[in-house]
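The residues making up each chain are set out below.
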Amino acid sequence: MLLRGQNIVGYRHYSDDIVVKFVEKAHARGIDVFRIFDALNDVRNMQTAMKVASKVGAVVEASISYTTSPVHSIKGFVDMGKKLEEMGANTICIKDMAGLLTPQATYDLVKELKQEISLPVHVHSHMTSGMALASYLKGIEAGADIVDTAISSMSMGTSQPPTESLVAMLKGTEYDTGLDLKKLAEIADYFKEIRKKYGDFESEHTAIDVDMLIYQIPGGMISNLASQLREAKKMDKIHEVYEEVPRVRADLGYVPLVTPTSQIVGTQATYNIITGQRYKTCTNETKNLVRGMYGKTPAPISAEIRKKIIGDEKPITVRPADLLPPEFEKMANEAKPYARSDEDVLSYALFPAVALEYFKERVMIEKGANVRDLAAIATMFVFEAESKMKAKHSAVCEEANHWKVAARRESLNGGGWIL
């Protein structure tokens, strides 16, 4: 599984005891390989997850978040790979979330890593910029041990390069995979039909986008920006936001654009453009990034930018999690009315609002709720929401909408719940 270091699968840093418990439970439930990364490439934020994953006997695939900037270099990434090997990694992954790896850069980075470390090297890239297939080929020639692909009917765009294409390219060479193209074609046909069922949920930003090479905006981030601007009725500003993203990224220390920093930079760029004044409005996440609460940025943040965002506050320099007290018992007490296991407590700790909704639905199911019950509940909440709209009781409105969706889902599935 992909693990965001101290962020786990969420968007903030969690205390060490939450990280330890999550990795232990995930491994007990069947996760054998943990691809662990940090959005800032701050290895301090990876150490707890790597240590516990190694302790439980899982494969530790420590990842380098690849990006380009005036402060990033092949040497810097290789030095990071050496540190990760010393920290107990079993594999080193070059995680190219935005499809920025050029064929030559891939060759150079893989070759130098293989010369400096004794671990397998795994290359993971996306087809967003259209370069990944060529980059994979050069990476393989340089000694890459593993590359990530997707079956053709689920590939391209913001996904991975097509499996069949790479298999065909390597056929008859010393890197021949031995995979059967006819069998792969059967798999592709199967998922082609499956994909049609989810067409309504696909982003419109899934094609190859050469703007990536200019703005370095990952596919998922493009979707988020479009959603934010559409909600604000400012879609005409989207190209201005694209241009603002690299400027914000530079201001914030040339952070790699990967969750959660991609969301932080993208949202801040959106605010800068919509308000017409840079950093007049700053999210808490932007402030925490400048405060050092996400770790050490690749480049120092200037005093001018820091003052605009957090005033005279002094940023921290320690590992952020060192400032966090243990959280698990506290979360267990908060979730006590609903939580029945450590897994429930972890769900609540990571996604409290979503977890509580799930716990409520679980109780309703166990009590034998049917579509009629749910419709009645929805009607009750809608009536209450409408009567209090002027008072802006958003929580009531959200609850009403939740039950409306639940009732609709029940009816669409013929009385059978799908969670």
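Above: the structure in question.
Residues numbered from 1 in each chain as written. Predicted model: local features only at pLDDT ≥ 70, side-chain atom pairs only at ≥ 80, totals over all residues. Heavy atoms only, no water.

Here we take up the overall build of the protein. In terms of helices and strands, the protein carries 18 helices and six strands. Across the protein, every contact between residues at least 6 apart in sequence was considered, and the portion connecting residues at least 24 apart equals 68%. Total accessible area on the protein is roughly 21,100 Å²; 54% of this is exposed by carbon and sulfur atoms. (Helix = DSSP H or I, 4+ residues; strand = E, 2+ residues; numbered from the N terminus. Contact = heavy atoms within 4.5 Å. Areas by Shrake-Rupley, 256 points an atom, 1.4 Å probe, with all protein chains shown as cover.)

A word on the pattern of salt bridges. This structure, assessed with the given rule, holds 25 salt bridges. When the shortest N-O distance is used, the salt bridge between Glu-141 and Lys-138 registers 3.7 Å. Pair noted here: Glu-141 and Lys-138 are both in helix α5 (residues 132–141), with a separation of three residues, about one helical turn. Take Glu-141: its relative accessible area is 39%, and that puts it in the partly exposed class. For Lys-138, a relative accessible area of 27% translates into the label partly exposed. Where salt bridges share partners, they join Glu-244, Arg-247, Asp-251 and Arg-278 into one cluster. (Salt bridge = Lys/Arg side-chain N within 4 Å of Asp/Glu carboxyl O. Buried < 20%, exposed > 50% of the residue type's maximum accessible area, 1.4 Å probe, protein only.)

Attention now moves to the packing of helix α12 (residues 284–291) against helix α13 (residues 303–310). It is the contact of α12 with α13, at a shortest axis distance of 10 Å, that shows an interaxial angle of 135°. With respect to their mutual orientation, α12 and α13 come out oblique. The handedness of the crossing between α12 and α13 is left-handed. Here Thr-286, Lys-287, Val-290 and Arg-291 of α12 come into contact with α13, specifically with Arg-306, Ile-309 and Ile-310. (Axes fitted to C-alpha atoms, helices over the stretch in contact; angles between N-to-C directions. Parallel < 35°, antiparallel > 145°, perpendicular 65-115°, else oblique. Left-handed = near helix turned anticlockwise from the far one by under 90°.)

Among all positions of α13, only Ile-305, Ile-309 and Ile-310 are buried. Across the axial projection of α13, the buried residues extend over an arc of 100°, all falling on one side. Away from the buried face of α13 by more than 90 degrees, exposed residues Ala-303 and Glu-304 are located. The positive-phi residue at the C-terminal boundary of α13 is Gly-311, with phi of around 65°. (Arc of directions from axis to C-beta.)

In this chain, Thr-259 is followed by Pro-260 through a cis amide linkage whose omega measures 5°. Here the phi dihedral of Asn-41 falls at roughly 60°; this positive angle occurs in a residue that is not glycine. As for its placement among the helices and strands, Asn-41 is situated in the loop between β2 (33–36) and α2 (47–55).

With respect to the helices and strands, Arg-249 occurs in helix α10 (residues 238–251). With no salt bridge to any partner, buried Arg-249 finds its closest opposite charge in Asp-96, at an N-O distance of 10 Å. Within polar-contact distance, the side chain of Arg-249 engages the backbone oxygen of Val-255 at 2.7 Å. Apart from residues no more than four positions distant in its own chain, Arg-249 is found in contact with Thr-67, Thr-68, Ser-69, His-72, Gln-216, Tyr-254, Val-255, Pro-256, Leu-257 and Val-265. (Lys, Arg positive; Asp, Glu negative; His and termini not counted. Polar contact = N/O pair within 3.5 Å; in protein donor to acceptor, adjacent residues only side chain to side chain.)

Pairing within the open sheet is parallel, and its six strands lie in the order β1-β2-β3-β4-β5-β6. The sheet terminates laterally at β1 (2–3) and β6 (146–147), the two strands that pair on one side only. As judged from the two bridges shared by β1 and β2, these two strands associate in the parallel manner. In the sheet register, Leu-3 faces β2, and the bridge partner there is Ile-36. Against the sheet, helix α4 (residues 103–116) engages β3 (59–65), β4 (91–96) and β5 (121–125), with an angle of about 155° to β5. Against the sheet, α5 engages β5 and β6, with an angle of about 170° to β5. (Pairing = 2+ DSSP bridges.)

In this fold, Thr-48 is placed in helix α2. Beyond its immediate chain neighbours, meaning those up to four positions away, Thr-48 contacts Gln-6, Asp-16, Val-19, Val-20 and Arg-319.

A separate point is the environment of Lys-192. As for its placement among the helices and strands, Lys-192 is situated in helix α7 (residues 181–196). Residues Lys-192 and Ile-151, 41 residues apart in the sequence, show an inter-C-alpha distance of 9.6 Å.

Right, let's get into the pairing of β4. Here β4 lies mainly inside the structure; six of its six residues are buried. Residue alternation in β4 divides its side chains into two sets, Thr-91, Cys-93 and Lys-95 and Ile-92, Ile-94 and Asp-96, and both sets are buried. In terms of strand pairing, β3 meets β4 through five bridges, oriented parallel. Looking across to β4, one finds that Ser-63 is bridged to Cys-93. Between β3 and its parallel partner β4, the chain crosses via helix α3 (residues 74–86), and the hand of that crossover is right-handed. Inspection of the sheet shows β4 paired to β5 by five bridges, in the parallel sense. Among the inter-strand pairings, Asp-96 is bridged to a residue of β5, identified as Ser-125. Taken together, β4, α4 and β5 constitute a β-α-β crossover, and its handedness is right-handed. (Right-handed = clockwise from strand over helix to strand, strands pointing away.)

The next point concerns the packing of aromatic side chains. Under the criterion given, the structure shown has four aromatic pairs. For the ring pair Tyr-338 and Phe-359, a centre distance of 6.3 Å and an interplane angle of 20° mean the geometry is stacked. Taken together, the residues Tyr-338 in the loop between α14 (328–334) and α15 (342–350) and Phe-359 in helix α16 (residues 352–366) connect sequence positions 21 residues apart. A relative accessible area of 1% means that Phe-359 is categorised as buried. Pairwise contacts between aromatic rings join Tyr-338, Tyr-358 and Phe-359 into one cluster. Positioned above the aromatic ring of Tyr-11 is the side chain of Arg-4, whose terminal nitrogen or guanidinium carbon lies 5.1 Å from the ring centre. In this structure, Lys-21 packs its charged tip against the face of Phe-328, placed 4.9 Å from the ring centre. (Phe/Tyr/Trp six-rings, centres within 6.5 Å; stacked < 30°, edge-to-face > 60°. Lys NZ or Arg CZ within 6 Å of the ring centre and 35° of its normal.)

That is the geometry; function is a separate question.
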